[in-house]
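One letter stands for each residue in the lines below.
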Amino acid sequence: MKEIPKKQIIETIRNLCIEANTNLPESHLAAMRRALEKEESPLGREVLERLLENADVARERCIAFCQDTGYAVFFVEIGSEVKIPDGELGEAINEGVRRGYEEGYLRKSIVRSPIDRTNTGDNTPAIIYYEPVPGDTFELTMLVKGAGCDNMSALKMLTPAEGVEGMKEFIVETIEKAGPNASPPVTVGVGMGGPFEKAAMMAKKALTRPSGEPNLDPEVAKLEREILDEINATGIGPAGYGGTETALAVHIESFATHIAAFPVAVNLDCHSHRTAKASL
Amino acid sequence: MSEPIRLETPLSFEDVEPLKTGDVVLISGVLFTARDAAHKRIAEAIEDGSPLPFDPSGQIVYFTGPAPARPGHALGPAGPTTSSRMDSYSPLLIERGLRGMVGKGVRSEAVRDSMHEHGCVYFGAVEGTAALLADRVKEAEVVAYEDLGSEAVRRLVVEDFPVVVVNDLRGGDLYREGREKWRRKRTPPPA
């Protein structure tokens, strides 16, 4: 049995919150630099240059890259041989978020409920997804999820007859509808298969993959490339001012589904694409 | 790209009239911040006939809810939020002389009509440049609704605050025109 004290989890979560919000992942920055090389619109290039400059400033001064420091979303892979002897994991994560958002000068953006819109004051509750795994693995992946792009996300229950072409249409249509509101260039998380909620979960998790890392299934990876090309044909461009680079990456996660179903969920992430990982 | 145009607030009709979609503008002077909750209260104040947090005449509203400032900074990171959530409220301020709005994302037809009728321009800022934008803020002071925290109305004094004209007074729309200009034919699916 591997024992991880509660204090260590709190500290790790605190640091992840600050790290994710102030230091954009290298794979995402590299994708933005590639987009800057390819972008044909002068205004689009200007936007990409400013985004990269903003990333430098945020990292150097340890301030948030974007004021919307989002929902604190965690994917937790927890091994069957891992134990927290002195506390409960969910509590520890929420305490870490509380400290990270306060000590990192991050905005508290969570309200109690859609109808009682009182701010909770500390950016909790965190959004936590647990995945039990064998062994003594304990891996935390944080996604800082802004609302502007989350608001432009969508899910469709396609029929098997609508198939891959129907899926492509739906994804591109979602991007077209989002336009500038999703703060492009976006990262596109897609979940296909499973029942309704599984598709949405996969779409969110797909966003945590290093930018541009293809799906291991070559057929799915080919779809990712084709859809990326179609999205970049829309002309929406950086900040929606028009241009050739509308998305930096399309990540598809796939799962078994029903003989009658072809669910597709599209979760968009804005140019402030913020993830961080830690293993204990 | 053309040379940036420099504007100083307060703005007159003559200041905003020549602006064209796609123009890069550097704003100096005052911006008032307000987003969802503050707009709701402003609308309620108008309905009740109570005083507004600021006189909108000649002013610019910036749709933002800044992050907390580190010591030594006037304001924390402060990029624009999605403007469409303010669509139902914006005409109330535009009718009262508002000359500009800074945000991101598409505005409704009703807002665009109101802007056209009363002489108000919509500027875009880039959300993911929040840290850089905060650098252009020299002073920040909460002027109303302090209980709203990040969503309170703040009076910002800015220097060369960079924006782009999205909707001008001639019906121009950078989001629509930009997309049309750079759209290419989608690769047809393999036969």
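In case you missed it, the structure is sitting above this.
Residues numbered from 1 in each chain as written. Chains lettered and ligands numbered in written order. Predicted model: local features only at pLDDT ≥ 70, side-chain atom pairs only at ≥ 80, totals over all residues. Heavy atoms only, no water.

**Regarding the packing of helix H2 (residues 26-38) of chain A against helix H3 (residues 42-61) of chain A**
When two helices pack together, their arrangement is given by the angle between their axes and by how far apart the axes lie.
Residues and elements named next belong to chain A.
Right, on to step 1. It is at 9 Å that the axes of H2 and H3 come closest, and there the two elements cross at 155°. Here H2 lies roughly antiparallel to H3, going by the angle between them. The chirality of how H2 crosses H3 is left-handed. Side by side, H2 and H3 meet where Leu29, Met32, Arg33, Ala35 and Leu36 of the first sit next to Arg45, Leu48, Glu49, Leu51, Leu52, Ala55 and Arg59 of the second.
Right, on to step 2. Among the residues forming the contact of H2 with H3, the class breakdown is eight nonpolar, no polar and four charged. (Axes fitted to C-alpha atoms, helices over the stretch in contact; angles between N-to-C directions. Helix = DSSP H or I, 4+ residues; strand = E, 2+ residues; numbered from the N terminus. Parallel < 35°, antiparallel > 145°, perpendicular 65-115°, else oblique. Left-handed = near helix turned anticlockwise from the far one by under 90°. Contact = heavy atoms within 4.5 Å. Nonpolar A, V, L, I, M, F, W, Y, C, P; charged D, E, K, R; others polar.)

**Thoughts on the pattern of salt bridges**
Right, on to step 1. Overall, the coordinates contain 37 salt bridges over all chains when judged by the stated rule.
Right, on to step 2. Between Glu226(A) and Lys168(A) there is a salt bridge whose closest N-O contact spans 2.7 Å. Of the two residues, Glu226(A) sits in helix H8 (residues 218-232) while Lys168(A) sits in helix H6 (residues 163-178), which places them 58 residues apart along the sequence.
Right, on to step 3. Exposure remark for Glu226(A): the relative accessible area of 22% places this residue in the partly exposed category.
Right, on to step 4. On the accessibility criterion, Lys168(A) (4% relative accessible area) is buried.
Right, on to step 5. The salt bridge involving Glu176(A) is made with Arg179(B); its shortest N-O contact spans 2.8 Å. (Salt bridge = Lys/Arg side-chain N within 4 Å of Asp/Glu carboxyl O. Buried < 20%, exposed > 50% of the residue type's maximum accessible area, 1.4 Å probe, protein only.)

**Description of helix H7 (residues 196-206) of chain A**
Right, on to step 1. Every buried residue of H7(A) is listed here: Ala199(A), Met202(A), Ala203(A), Lys204(A) and Ala206(A).
Right, on to step 2. On its buried side, H7(A) packs onto strand S2 (71-79), strand S5 (138-145), helix H5 (147-150), strand S7 (186-192), strand S8 (247-254) and strand S9 (262-269) of chain A.

**Re the layout of surface pockets**
Right, on to step 1. Here the largest pocket defines a volume of roughly 1,200 Å³.
Right, on to step 2. Ser109(A), Val111(A), Arg117(A), Arg35(B) and Glu151(B) are the residues nearest the centre of the largest pocket, which is lined by 42 residues in total.
Right, on to step 3. When residues of the lining of the largest pocket are traced back to their parent elements, those giving at least two are H5 of chain A together with helix H2 (36-48) of chain B.
Right, on to step 4. Tallied by class, residues from the lining of the largest pocket come to 13 nonpolar, 14 polar and 15 charged.
Right, on to step 5. Here the lining of the largest pocket spans two domains, and each of domain 1 (2-22 + 65-145) and domain 2 (147-273) of chain A adds at least three residues to it.
Right, on to step 6. As a volume, the second largest pocket reaches approximately 420 Å³.
Right, on to step 7. Every residue lining the second largest pocket is counted, 21 residues in all, and those nearest its centre are Glu46(A), Arg50(A), Val24(B), Pro162(B) and Val163(B).
Right, on to step 8. The biggest single contributor to the lining of the second largest pocket is H3(A), with five residues. (1 Å grid on protein atoms, 1.4 Å probe; cavity = no way out; pocket = protein on both sides within 12 Å on 5 of 7 lines; lining within 4 Å. Points joined across faces, edges and corners; volume = space filled by probe spheres on them. Domains from an automatic or database assignment.)

**Describing the interface of chain B and chain A**
Right, on to step 1. In this assembly, 46 residues from chain B lie in contact with 50 residues from chain A.
Right, on to step 2. In total, about 3,900 Å² of surface goes out of reach between chain B and chain A, with carbon and sulfur atoms giving 55% of it.
Right, on to step 3. For the pair chain B and chain A, the interface holds four salt bridges.
Right, on to step 4. On the surface where chain B and chain A come into contact, there are 18 residue pairs in polar contact (both at pLDDT 80 or more).
Right, on to step 5. Sorting the residues of the side of chain B that touches chain A by element identifies helix H5 (130-135), strand S7 (153-167) and helix H6 (174-182) of chain B as the ones contributing at least two each.
Right, on to step 6. For the side of chain B that touches chain A, the leading source of residues is H6(B), giving five residues. (Buried area = accessible area lost by both parts, 1.4 Å probe. Polar contact = N/O pair within 3.5 Å; in protein donor to acceptor, adjacent residues only side chain to side chain.)

**Details of the side chain of Thr9(B)**
Residue and element names in this part refer to chain B.
Right, on to step 1. Structurally, Thr9 can be placed in the loop between strand S1 (5-8) and helix H1 (13-16).
Right, on to step 2. The exposure class assigned to Thr9 is buried, which follows from its relative accessible area of 13%.
Right, on to step 3. A distance of 2.7 Å separates the side chain of Thr9 from the backbone nitrogen of Val30, its partner in a polar contact.

**Things to note about empty space enclosed by the protein**
Right, on to step 1. Tallying each qualifying case throughout the model produces three cavities of 30 Å³ or more.
Right, on to step 2. Size it by volume and the largest cavity reaches roughly 80 Å³.
Right, on to step 3. Lining the largest cavity are 16 residues, with Ile63(A), Pro68(B), Arg70(B), Gly76(B) and Pro77(B) sitting closest to its centre.
Right, on to step 4. In terms of residues, the lining of the largest cavity owes the most to one element, H5(B), which gives three residues.
Right, on to step 5. Considered class by class, the residues forming the lining of the largest cavity number 10 nonpolar, three polar and three charged.
Right, on to step 6. Along its surface, the second largest cavity is lined by Pro180(A), Ser183(A), Pro184(A), Ala239(A), Tyr241(A), His271(A), Lys104(B), Gly105(B), Ala125(B), Val126(B), Glu127(B) and Tyr175(B).

**Focus: the sheet that holds strand S10 (residues 274-279) of chain A**
Residues and elements named next belong to chain A.
Right, on to step 1. If you walk across this open sheet you meet the four strands as S4-S2-S5-S10, and the pairing is mixed. The open sheet terminates on both sides in strands that have one partner only, identified here as strand S4 (127-133) and S10. When strand polarity is set aside, the average angle formed by the axes of neighbouring strands in this sheet is 15°.
Right, on to step 2. Pairing of S2 with S4, which is carried by seven bridges, proceeds in the parallel orientation. Pairing of Phe74 across the sheet is with Ile128, part of S4.
Right, on to step 3. The strands touched by helix H4 (residues 89-103) are S2, S4 and S5; relative to S2, the strand with the most contacts, the crossing angle is about 140°. (Pairing = 2+ DSSP bridges.)

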